[in-house]
Amino acid sequence: MTEPATFPLHLPPLGLGTGTQGNLRRAVSDAEAEQVFQAAWDAGLRYYDTAPWYGRGLAEERLGAFLRDKNGWQLSSKVGRLLREDVPPHASQIGAFEVNTPRNVVYDYSYDGVMRSYEESLERMGVAHIDVLFIHDPDVVGVGVRELMAGAHRALVDLRDQGAIRGFGAGMNEWQLPLELVRAGDFDTFLLAGRYTLLEQESLPFMDECARRGARVVIGGVFNSGLLANPRPGANYNYAAAPEGVLERALRLQEVCAAHGVPLTTAALQFVYGHPAVASVLVADHHPERILQNVAALQTAVPGALWTELRAQGLIDPAAPLPRPPTASAR
């Protein structure tokens, strides 16, 4: 097991999200999950993000088993959802993951709940440390800033001050509550999934506020649930079929990218690095070869003329910072 790295918090540009290894939308075997972990490791990825929510503990267990004999990795997990066998299923967990487990979700963003969540994640993974903890989706159950600051934030400050973690923040699929949080507390980093992408930049007020305050942002969902990987009728956006207007915008993005000889996935992956608040981008998949494709895409040169034309056609917010060469590496 590795020991916690020294401050300050620094994350590699590319990391692996592990929701799919928690059987998101479809079941995968232990062997299939390990193949993805191994492909990411062999490609140089050393940052891994997980959560108790992913497969109700399954992703943490699988990731911990993989990392246990390795060194030099960084790890983030999440707090706010405890797993218990003596409670009925919560409505939010139904259909989210293809798992067969007696563990059910209990939402708890209190001081004690966060401390228990941290300790139980360490135990499930069998690791000595977690680098970053994110408050996970408090908006799902209507928990607001005041309650989070009194409970979760206070616990996470204590864990950071004790050296148990290197940093903390919140991880959500919306940007409005994170904007309130970054203004209210001493947050190191946030995980924003699907709300700052090549397809949409409405979260710029949050991103810019993070940059002003020195908070970093990990970007998840850079392909908007798959729409920017393969825009077509029926493609997913926010885990449901993309509305017609959203699909049309994705197809226009693809058309401009093709005219410049750039795959849409490459442009989608590289675009977000233009913002100075971005610390890392998480990629995720069931298939090892797609992880390798993402690593290659990050290292592919993209002509500046592409970004200029996308902006000229109104497909990129005029206030969004554009990427500048050289491109980032995975490490």
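Scroll up for the structure.
Calculation notes
- Residues numbered from 1 in each chain as written.
- Predicted model: local features only at pLDDT ≥ 70, side-chain atom pairs only at ≥ 80, totals over all residues.
- Heavy atoms only, no water.
- Core = buried A, V, L, I, M, F, W, Y, C linked by side-chain atoms within 4.5 Å.
- Buried < 20%, exposed > 50% of the residue type's maximum accessible area, 1.4 Å probe, protein only.
- Contact = heavy atoms within 4.5 Å.
- Helix = DSSP H or I, 4+ residues; strand = E, 2+ residues; numbered from the N terminus.
- Polar contact = N/O pair within 3.5 Å; in protein donor to acceptor, adjacent residues only side chain to side chain.
- Salt bridge = Lys/Arg side-chain N within 4 Å of Asp/Glu carboxyl O.
- Expected span 1.5 Å × (residues − 1).
- Pairing = 2+ DSSP bridges.
- Phe/Tyr/Trp six-rings, centres within 6.5 Å; stacked < 30°, edge-to-face > 60°.
- Axes fitted to C-alpha atoms, helices over the stretch in contact; angles between N-to-C directions.

*Asks:* So what's going on with the nonpolar core? Residues and values would help.
*Replies:* Among the nonpolar cores identified, the biggest contains 100 residues, and Tyr48 and Leu198 are the most heavily contacted of them. Contact partners of Tyr48, with chain neighbours within four places excluded, come to Leu16, Phe37, Ala40, Trp41, Leu63, Phe66, Leu67, Trp73, Gln74, Leu75 and Ser76. Grouped together as the second largest cluster of nonpolar side chains are 8 residues, Tyr47, Phe134, Leu191 and Leu282 included.

*Asks:* An account of the side chain of Asn23 is needed here, citing residue identities and associated values.
*Replies:* Take Asn23: it is sitting in the loop between strand 1 (14–17) and helix 1 (30–42). The class of Asn23 is buried, set by a relative accessible area of 5%. A polar contact is formed between the side chain of Asn23 and the side chain of Arg62, at a distance of 3.1 Å. Apart from residues lying up to four places away in sequence, Asn23 is in contact with Val28, Leu58, Arg62, Ala96, Phe97, Glu98 and Val99.

*Asks:* Now, about the environment of Asn100: what can you tell me, with residues and values included?
*Replies:* Summarising the element assignment, Asn100 is placed in the loop between strand 4 (81–84) and strand 5 (104–107). For Asn100, a relative accessible area of 82% translates into the label exposed.

*Asks:* Report on the pattern of salt bridges, specifying residues and quantitative values.
*Replies:* Under the defined criterion, the tally for this structure stands at 16 salt bridges. A salt bridge links Asp69 to Lys70, with the shortest nitrogen-to-oxygen separation between them at 3.2 Å. A relative accessible area of 14% means that Lys70 is categorised as buried. A salt bridge links Asp186 to Arg160; the nearest nitrogen and oxygen atoms lie 2.4 Å apart. On the criterion of sequence distance, the pair formed by Asp186 in the loop between helix 5 (176–184) and strand 8 (189–193) and Arg160 in helix 4 (residues 145–161) is long-range, its members being 26 residues apart. Looking at Asp186, the relative accessible area reads 43%, which means it is partly exposed. By relative accessible area, which is 12% here, Arg160 ends up buried. Among the ionic contacts, a cluster of salt bridges with common partners joins Arg183, Glu209, Arg212 and Arg213.

*Asks:* With reference to specific residues and values, describe helix 3 (residues 111–125).
*Replies:* Between its terminal C-alpha atoms helix 3 stretches 22 Å, which fits the 21 Å expected from 15 residues at 1.5 Å a residue. Among the residues making up helix 3, those that are buried are Gly113, Val114, Met115, Ser117, Tyr118, Glu120, Ser121, Leu122, Arg124 and Met125. Buried residues along helix 3 sit against helix 2 (58–67), strand 3 (74–79), strand 4, strand 6 (132–136) and helix 4. Looking one or two places after helix 3, you find Gly126, whose phi comes out positive at around 70 degrees.

*Asks:* Residue-level account of the pairing of strand 12 (residues 278–283), with values.
*Replies:* For a regular strand, side chains alternate in direction, first toward one face of the sheet and then toward the other. For strand 12, the buried fraction is high: 6 of the 6 residues fall into the buried class. Note: strand 1 against strand 12, 3 bridges, orientation parallel. The residue bridging Leu14 from the neighbouring strand is Val281, located in strand 12. In this structure, strand 9 (residues 216–220) lies alongside strand 12, joined through 3 bridges in parallel fashion. Residue pairing in the sheet places Val218 in a bridge with Ser280 of strand 12.

*Asks:* Before we move on, could you go through the packing of aromatic side chains and cite the residues and values that matter?
*Replies:* For any two aromatic rings, the description comes down to two numbers: the centre-to-centre distance and the angle of the planes. If you walk through the whole model with that rule in mind, you get 11 aromatic pairs. Seen in terms of ring centroids, Tyr196 and Phe271 are 5.7 Å apart; in terms of plane orientation they differ by 25 degrees. Their pairing is stacked. Separated by 75 residues along the polypeptide, Tyr196 in the loop between strand 8 and helix 6 (204–213) and Phe271 in helix 8 (residues 264–271) bring together distant segments of the chain. Just as Tyr196 is buried, Phe271 falls in that class too. Geometrically, the ring pair formed by Phe271 and Trp307 is tilted, given 6.1 Å between the ring centres and 45 degrees between the ring planes. Here Phe271, found in helix 8, pairs with Trp307, found in helix 10 (residues 304–312); they are 36 residues apart in sequence, far enough to count as distant. Grouped by ring-pair contacts, the aromatic residues Phe37, Trp41, Tyr48 and Phe66 constitute a single cluster.

*Asks:* Got a sec to walk through the sheet that holds strand 2 (residues 47–49)? Specific residues and values, please.
*Replies:* Spatially, the 8 strands close up into a barrel ordered 1-2-3-6-7-8-9-12, and their pairing is parallel. Each adjacent strand pair in this sheet contributes to an overall mean axis angle of 25 degrees, direction not counted. Here strand 7 (residues 167–172) pairs with strand 8 via 2 bridges, running parallel. Directly across from Met172, in strand 8, lies its bridge partner Leu192.

It is worth stressing that arrangement in space is one thing and function is another; only the former is reported here.
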